[in-house]
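Here are the chains, one letter per residue:
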Amino acid sequence: MVSPLFTILTLFPEALRPYLEVGVLGNALDRGLAQVELVDFRDWTRDRHRTVDDRPFGGGPGMVLTPEPVAECIEWVEAKHGPHRRFVLDPSGPTFNQARAAQFSSTPRSLLLCGRYEGIDQRLIDVFDLEPLSLGNYVLSGGELPALSIVDAAVRLLPGALGDERSASQDSFQEEPGNLVADPGDGLRLDHPHWTRPASWRGHEVPAVLRTGDHAAIETFRKSQAQERSERKLALENAPLEHTLDSSGAQISNKQLPNKTT
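Per-chain numbering applies: the sequence of each chain, read as written, is numbered from 1 onward. Thresholds applied to this predicted model are a pLDDT of at least 70 for local features of residues and 80 or more for the giving and counting of side-chain atom pairs; totals over whole chains, interfaces and linings are not thresholded and use all residues. Hydrogen atoms and water are omitted, and side-chain values are computed over all heavy atoms in the structure.

Engineer: Help me out: how do you make sense of unusual backbone geometry in this one?
Structural biologist: Comment: phi is negative for the bulk of residues other than glycine, and the bulk of peptide bonds are trans. Cis geometry marks the peptide bond from R197 to P198, where omega comes out at 10°. Topologically, P198 is positioned in the loop between helix 7 (166-169) and strand 9 (200-201). Of note, R202 is a non-glycine position whose phi angle comes to about 50°, a positive value. Helix numbering and strand numbering both begin at the N terminus, where a helix is a DSSP run of H or I of at least 4 residues and a strand a DSSP run of E of at least 2. Examined against the element boundaries, R202 turns out to sit in the loop between strand 9 and strand 10 (204-205).

Engineer: Quick question: what am I supposed to make of the pairing of strand 6 (residues 109-113) here?
Structural biologist: The side chains of a regular strand alternate, residue by residue, between the two faces of the sheet. Counting buried residues in strand 6 gives 4 out of 5 residues, a clear majority hidden from the surface. Bridge count between strand 1 (residues 5-10) and strand 6: 5 bridges; the pairing is parallel. When the sheet's bridge partners are listed, F6 is paired in strand 6 with S110. DSSP-based pairing: two strands are paired if at least 2 bridges between them are found. By the bridge criterion, 4 bridges tie strand 5 (residues 85-89) to strand 6 in an arrangement that is parallel. Within the sheet, the bridge partner assigned to R86 lies in strand 6 and is L111. With the strands pointing away from the viewer, any crossover whose connection runs clockwise from the first strand over the helix to the second is right-handed. Each parallel crossover has a hand, and for strand 5 linked through helix 4 (residues 98-105) to strand 6 it is right-handed. Per-residue accessibility, obtained with a 1.4 Å probe over protein chains only, is compared with the maximum for each type, and a residue is labelled buried under 20%, exposed over 50%, and partly exposed between these values.

This is the structure:
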């Protein structure tokens, strides 16, 4: 199996590099299960100031990434590695999810363009057929954090990336029989809650069933807990925030549904 290549085009490769060197992702890259190449498209500028942005036509605030440096960078990348499936991190795209992570993990070469400023010249997106992809309905300063999230989510699904192969299959949002959902059509399948030692902590006990050694009962309990978590998330997804803070910033109320543990 050929390890997938993720090519990230960014103005700030030094900001991404440390995360790629630690944890599950760092170990997987060290072992050659996947490859990540960070490319600074500012290197394809031609002027003394290495300018990558300019004022928008039609007026308005902010600056727009100019197309030529990014275009030449993409052409260099594909001349070096071959054609990629090309993405731009952009709020106009579909929201990234676990199914898309699985697609990335099986795609030989993926290019992720991290935008900055007010946006990217639309002609670049059109000419290179960049697929927009969003991490959610909120605004970040650039595409670097979404790009890292995509790579992390995809790489952990590769065989051998995790210490226990069951870990990925039992993750939240995986379509496995053990992960239940209130509505099977909505794609939401959360993992069950977890407890570890000590059995008693600050007056709170681990659910008794988890200490019985009865594997069938434990499995039933975990499925029930996963179902409750999935239903709770669906109920809270569009609900207003119900946390109240006092003058010091301490939380004084929380109206979320309680998590049943017995």
